[in-house]
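Each chain is listed here by its residues.
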Amino acid sequence: MTVARIRRIWSQRLRSLLWKDQADTELGQELLLHFDQLVAENLAGGMTSEQARHAARRTLGNIGLIEEQCRDQRRVNWLHDLEQDLAYGVRMMRGSPGFTAVVCLSLALGIGAHTAILGVAHTLLSGDLPYRDSSRIVMLRTYSFGEPQQLNSASMPDFFAFQEQTDVFETIGCSLADQKNLGAGEDGNPPERIFGQAFSPGVFESLGVEPLLGRLFREEDYSGGPRSQVVILSYRLWQRRFGGDRTLVGRDIPLNGSPTEVIGVMRPDFRFAEERVDYWIPRVIRRTSLQAGVRYEIVVGRLKSGATIENAQAELNNVAARLARDLPDTHDGWGVRVQGIREAMFGWTKEPILTLEAATILMLAIACANIAGLLLARGSSRKQEIAMRATLGAGRGRIVRQALAESLLLSLTGGLLGIAVAWVSLRVVSTITPPPNAPRLAHVSLDLPMLLLAAFSSVLAGLIFGMGPALAIFRQDLTGSAQRMRCARLGTLNQASRATGTPSGYRFRGILVSAQIAFAFVLLSGSALLIKSFSRLAGRDLNFQPHGLTTFEFRLPFQQFWHVVGSYQDFPLLSIDPPPSLKLERILRRLRSLPGVGSVAGISNPPVNSLIVPTLDVAFDDQPMSTQTAYFLITPGFFATMKTPVIRGREFDAGDTAGAPWVAIVNETAARRFWPGEDPLGKRIALDSGPVDRRREVIGVVPDIPARTRDLSPSPVVYVSYLQQPAQYRLPWANLLGQMTFVLRSSQNPTRLIREAQKAVAEIDPDIPLSNIAPMERYTEARLGDLFYYSLTLGGFALVATLLAAMGTYGILAYSVARRRHEIAIRTALGARPLEIVACIGLRTMLLIGIGLVAGLAAAAALTRYLASQLWNVASTDPPAFTAAALLLVLVAGLATVGPIRRSLRVDPAGALRME
């Protein structure tokens, strides 16, 4: 076949597809021309006009059949048939608006949520990262053998060992979170607190990034001298604070009161570990800064060409073993895990995304099963229509194709609505709060691949729920149906009423109902576990009253109050002069004078909202330093301001100054753990903060106040007065002396109070901004927001699944009542009591619900264990949660049976028998 012929054939097919009416007209005219020619030939042969026409018809044959055969040769009739099927499907949808709405909304929820979750997973697993050759970038994290799934950052001894005792890294570096005060600008912008990162040599090189403007750090920038005061700004800060001024590079900006040269601006898509980063500064690392037990270093490395993550893991296992041998106090029982940069940044999303994806699949499966059941029941009611089609010559394939076209039309409509659901679902997913050192998912958007995925899911769902009913039609006895139609027209109604439904189809609908119940139970039990976990977390006693509290943070630049004078136990030893408490005390006095303020206090790290909890070695009585304990510096009146009761003893007062005996307060957990069965009051402790720290007497015991919202297991805490601090302090916690989270209790509007507080602090030090200004309730509730939305989303899926399962139960029972109407009439006529009728109709449905519950219980027991890491103080097979899910499901399914059962009791025996 030549190319010209192929082109001609396809052009004719395209013409037949786009201009069908014109092609049919031309075909009719051509056949009419042949007919007229035959007539003319017959007339020339001596026939009469009538004989000539009859002979031409005999010669030409059935013109309608010839036209159909010619149209079949175009090979595009199936598209015209599909168009007719879709048009008929639209009429069927418009004729059953309730059925259409239920089906489309069910599919929209399932397809939309499924599309959003898979789209997020695709973006995280294969989306572009803003790093060069990202497959070679790894992050190194440590973990305790007792909690191998809980990954931590590294310590400085870890970093030096990784750097010096391995041969698989081309470059390696570490970073640490940082905060600085950005001074007031020349354009009148007020000072503000900004957040950044300190990068050691090797971090930018490992990530393989380049700035948008300027340059990265050079070797001389890490010298630590006055000329090394340089900074690289984030694109966001450059635009927000400096209006995108390209001449800013090379100029100085005030950071912590010192002029700092801007040497570059990073690209807008660059981020590493932390989400909220405004700047990067060079980090000077010295051997004297070793902090063996403090794991806050984010270590990143670039593998050498040809090296693999497995090679790196093998080497680092040996490094971890050597560290455990050389530093047993801090490294025994600890290992190292090597993760690719993608896994390190987004690995935390696996469990919640997999959970939500499993929920969407289950919900979509329930929707498909429910719709399949509805279509089966609907197909039974359309037997006469199908028989009529068969009588008129439609084959089984043509009828099945019509049924599949209707199913696909429903699924595509549901998928179109699902796009809106996907958009909302993406907003919900983006609210999930990441763990420390991980970015949010805010960059995920509804793009073309997601739209294609929604279309594919729609077609697949349509085929899944449409195939069963279509095959049921294919197996249906169309000849028998046509015979029953003829019998019905002739009046033999008894013969026509036989075999109103096949037992196999009824069994299949029963299987669908049991499957829906099982899937719904899995979703209900999982959501019940998460909701119970959330309620325990949100309803626990914080041991203070957040309502009426307003907080903000104030930090003095460390250059203003300490400098290095030596070392202490391998830590830099700092001289504290002048004491930061002098300025903090002035701020306290000024804040207490504000109108409407009931009380004011301060704490070194914010309660409930602490990212880092400081710890020190503590010695009890005359024992050596051995136990690391969280500790906070607080002002007198802190517990009174927080409305935290003092269980025993007293809290700090104005007399607890540096010249008075040094004292401490412990929480209940510390009292139970350190002095079990004893009275902690009067006991003496010592903090290993430096060589001149004094022993302190325990004067009070207070309830456990969580340092983080999700700290359900209370830890020992020691509180000391910010006025009773040594003149020399060791790193890393010397900064605590210059930072304070103030808490103000007032009944007035927080917005007005914050403005007054900002003015009051500016009177004392106008160059230091306040940060993290918010009502305390925002911190106590915001950290629970992601868990709330997560639980609410899964609960919504479970609720929809339960309603769909109830609809399936209602559908099969209603169909059973309609199918057995004649039997019910006979039973009633023979004297059956209502209870017997209910048992006759409802027992099978109850059996189906019971089978579904048993199957769902087994599946839930196997699947909910994957939720264990997402639960707080709730077992993954919590019996009350499972019981509540089962009761709710039985209740809803039971309510769905009320209508059909009442209908069965209202059957009129005489009327039903007359119909037969």
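Our structure is the block above this text.
(A) Geometry of the overall build of the protein. For the protein, the helix and strand inventory stands at 28 helices and 25 strands. Taken across its 916 residues, the protein has 50% of its residues classed as buried. Residue pairs at least 24 apart in sequence account for 82% of intrachain contacts in the protein once pairs closer than 6 positions are excluded. Looking at the protein as shown, the accessible area adds up to about 42,900 Å², and 58% of this sits on carbon and sulfur atoms.

(B) Expanded view of the pattern of salt bridges. Applying the stated criterion across every chain yields a total of 22 salt bridges. Put simply, Arg136 and Glu170 hold a salt bridge, and the shortest N to O gap is 2.7 Å. Taken together, the positions of Arg136 in the loop between α6 (97-126) and β1 (137-144) and Glu170 in strand β3 (residues 169-182) put the pair 34 residues apart, joining distant regions of the chain. With relative accessibility at 18%, the residue Arg136 sits in the buried group. Residue class for Glu170 comes out partly exposed when judged on its relative accessible area of 45%. Residue Lys683 pairs with Glu678 through a salt bridge whose shortest N-O separation is 2.8 Å. Connected through salt bridges with shared partners, the residues Asp133, Arg136 and Glu170 form a single ionic network.

(C) Layout of the nonpolar core. Core analysis: the largest hydrophobic core is formed by 73 residues, its most contacted members being Tyr131, Phe204, Leu207, Phe217, Phe270, Phe272 and Trp280. Beyond its immediate stretch of four places on either side in the chain, Trp280 contacts Gln197, Phe199, Phe204, Phe217, Val231, Ile232, Leu233, Ser234, Met266 and Phe270. Phe620, Val701, Trp733 and Ala757 belong to the second-largest nonpolar core, a separate cluster that totals 48 residues.

(D) Highlighting a nonpolar patch on the surface. Side chains of Leu412, Val459, Leu463 and Met467 sit close together on the surface and give an oily, nonpolar patch of about 290 Å² of accessible area. Sort the elements by how many residues they give to the nonpolar patch and helix α16 (residues 448-475) lands first, with 3 residues. Inspection of the secondary structure assignment puts Leu463 in helix α16. The exposure class of Leu463 is partly exposed, given its relative accessible area of 34%.

(E) Just helix α26 (residues 834-863), in detail. Between its first and last C-alpha, α26 extends 42 Å over 30 residues, near the 44 Å set by a 1.5 Å rise per residue. The sharpest bend along α26 measures roughly 40° and falls at Gly842.

(F) Representation of the packing of helix α25 (residues 821-829) against α26. Relative to each other, α25 and α26 sit at 155°, their axes nearing to 10 Å. Classified by the interaxial angle, the pair formed by α25 and α26 is roughly antiparallel. Between α25 and α26 lies a crossing of right-handed hand. Contacts between α25 and α26 involve Glu823, Ile824, Arg827 and Thr828 from the former and Ile837, Cys840 and Ile841 from the latter.

(G) Examining the packing of aromatic side chains more closely. Taken as a whole, this structure holds 16 aromatic pairs when the rule is applied. Where Phe217 meets Tyr222, the ring centres are 5.9 Å apart and the plane angle is 80°; that geometry is what we call edge-to-face. Taken together, Tyr131, Phe199, Phe204, Phe217, Tyr222, Phe270, Phe272 and Trp280 form an aromatic cluster joined through their ring pairs. Lying across the ring of Tyr143, Arg337 places its NZ or CZ 4.6 Å from the centre.

(H) Up close: the sheet that holds strand β14 (residues 571-576). Read from one edge to the other, the open sheet built from 3 strands follows the order β13-β14-β23, with strand pairing classed as antiparallel. The sheet is open, and its two borders are formed by β13 (562-568) and β23 (728-730), each paired with just one other strand. Strand-to-strand twist of the sheet, defined as the mean angle between neighbouring strand axes without regard to direction, takes the value 35°. As defined by bridge partners, β14 adjoins β23 across 3 bridges and the pair is classed as antiparallel. Following the sheet pairing, Leu574 is matched in β23 by Tyr729.

(I) Local environment of the pairing of strand β21 (residues 695-702). Extensive coverage of β21 is indicated by the burial of 6 of its 8 residues. For strand β18 (residues 648-649) and β21, the ladder comprises 2 bridges, and the chain directions are antiparallel. Residue pairing in the sheet places Gly649 in a bridge with Gly700 of β21. Relative to β21, strand β19 (residues 663-667) runs parallel, the two sharing 5 bridges. Bridging from a neighbouring strand, Ile665 pairs with Gly700 of β21. Two strands pair when backbone bridges link them, and strand β20 (residues 684-687) and β21 are joined in this way by 3 bridges, in the antiparallel orientation. If you follow Ile685 over to β21, its bridge partner there is Arg696.

The rules we used
Residues numbered from 1 in each chain as written. Predicted model: local features only at pLDDT ≥ 70, side-chain atom pairs only at ≥ 80, totals over all residues. Heavy atoms only, no water. Helix = DSSP H or I, 4+ residues; strand = E, 2+ residues; numbered from the N terminus. Buried < 20%, exposed > 50% of the residue type's maximum accessible area, 1.4 Å probe, protein only. Contact = heavy atoms within 4.5 Å. Areas by Shrake-Rupley, 256 points an atom, 1.4 Å probe, with all protein chains shown as cover. Salt bridge = Lys/Arg side-chain N within 4 Å of Asp/Glu carboxyl O. Core = buried A, V, L, I, M, F, W, Y, C linked by side-chain atoms within 4.5 Å. Patch = residues over 30% accessible without salt bridge, like charges linked within 9 Å, V, L, I, M, F, W, Y side chains within 5 Å. Expected span 1.5 Å × (residues − 1). Bend = angle between axes of the 7 residues up to and from the residue. Axes fitted to C-alpha atoms, helices over the stretch in contact; angles between N-to-C directions. Parallel < 35°, antiparallel > 145°, perpendicular 65-115°, else oblique. Left-handed = near helix turned anticlockwise from the far one by under 90°. Phe/Tyr/Trp six-rings, centres within 6.5 Å; stacked < 30°, edge-to-face > 60°. Lys NZ or Arg CZ within 6 Å of the ring centre and 35° of its normal. Pairing = 2+ DSSP bridges.

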